[in-house]
Amino acid sequence: MTLTHSSSAGSVRGRPRGTLRQSRAGMAFVAGYVLLLIAFGILPTCYAIYFAFTDAGGAFTGLSNFVTTARDFRFTDSLGHVALYLVFWLLSLVVFVVVLALLLHRLSLGPVSQALRFLYYIPGALAGAASVLVWLFMLDPTVSPVSSLLETLGFHTFGEVIAPGNLALLFTIIAFWTGAGGWIVVMYGALNNIPKDVMEAARIDGANGWQTAWRVQIPMLRKWIVYMVILAFAGGAQLFVEPQLLSLASTGVAGRDYSLNQLTYDFAFQMNNINGAAAVSVELLVVSVSVAGVFVARSGFFDAD
């Protein structure tokens, strides 16, 4: 009886110690990320907010910097360019990533599926600048391996391909080629986590492949799709590398102020208006956080399944 009682007491006393060790281990793992988040996320954001509401002398100016940048003759055009690009980018990402992930999942776990997953992921290994350089080569009809296709579409020179009206679609293609493969792999993994009994129940109920995808798999991918859209929107709103390199390669045909981030760069380093650049950056932050909040709230992202 004594042994039993002491054993129970020891186990009771041991639980808090084990929980404490687990808590310390978790804190140690998270501490590195928190430090980096503070150093390269929170502090720069606070610094930008400070500059956005002050002038060059550090005096508080209210919304003056926001009004000044919004009145710039390039601001509205840049905003429209980014908005159009985001529409193309998000639609293509959601539709094609989900469809390709579903098709990949139907190939099961064979060698074909593994090879396709590897091929999808390869473009994502390239940095943004490197992927743009690859596409500069691909879009020049004089050297492109698909020059016959470009000429069939009516493009005979590099300048015709990168005409301002084509840029939103071109940037979407470049972004999709670079970033979609990783999301396809993520969605494929999410599809593998759908319980087999759920899929089996759908088959027993007589659902075909299309009905299973539309009524079972896609609804169960909802949170992953929302997560993808949030990150893609935040990244797309910061469009910079593609139009900047294209502008340099085309000697200004693409425009040095195509996107809001390019305009921010111009304010900061060409016009020496750090406060105006900070104001545009804060606007992008507010929009991205607001959109993320709407998606999270409307989708029940943190609701327990």
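Please read these numbers as outputs of a predicted model, since none were measured by experiment.

Colleague: Any chance you could explain the overall build of the protein here in plain terms?
Modeller: Within the protein, the regular secondary structure consists of 14 helices and 0 strands. Counting from the amino terminus, helix and strand elements in the protein follow one another as α-α-α-α-α-α-α-α-α-α-α-α-α-α. Going through the 305 residues of the protein one by one, you find that 33% of them count as buried. Sequence separation of at least 24 residues holds for 65% of the intrachain contacts in the protein that already meet a minimum separation of 6.

Colleague: Could you clarify how one ought to interpret the environment of K223 in this entry?
Modeller: Tracing the backbone through its elements, the reader meets K223 in helix α11 (residues 222–237). The buried category is assigned to K223, whose relative accessible area is 17%. Along the backbone, K223 and F295 are 72 residues apart, and their C-alpha atoms lie at a distance of 9.7 Å.

Colleague: Would you mind showing me how to read the packing of aromatic side chains here?
Modeller: Between two aromatic rings, the relevant description is the distance of the centres plus the angle of the planes. Applying the stated criterion across every chain, the model contains 10 aromatic pairs. An aromatic cluster is present here, built from Y47, Y50 and F51 joined pairwise through their rings.

Colleague: Sorry, what's going on with the nonpolar core here?
Modeller: Across soluble globular proteins, nonpolar side chains have a tendency to be buried as a group. By size, the foremost hydrophobic cluster in this structure holds 55 residues, and its most contacted members are W89, L93, V97, L167, F171 and L246. The element that contributes the greatest number of residues to this core is helix α8 (residues 167–192), accounting for 13 residues. Beyond its immediate sequence surroundings of up to four residues, W89 is in contact with T172, A175, F176, A232 and G236. A52, A278, A279 and V282 belong to the second-largest nonpolar core, a separate cluster that totals 5 residues.

Conventions adopted
Residues numbered from 1 in each chain as written. Predicted model: local features only at pLDDT ≥ 70, side-chain atom pairs only at ≥ 80, totals over all residues. Heavy atoms only, no water. Helix = DSSP H or I, 4+ residues; strand = E, 2+ residues; numbered from the N terminus. Buried < 20%, exposed > 50% of the residue type's maximum accessible area, 1.4 Å probe, protein only. Contact = heavy atoms within 4.5 Å. Phe/Tyr/Trp six-rings, centres within 6.5 Å; stacked < 30°, edge-to-face > 60°. Core = buried A, V, L, I, M, F, W, Y, C linked by side-chain atoms within 4.5 Å.

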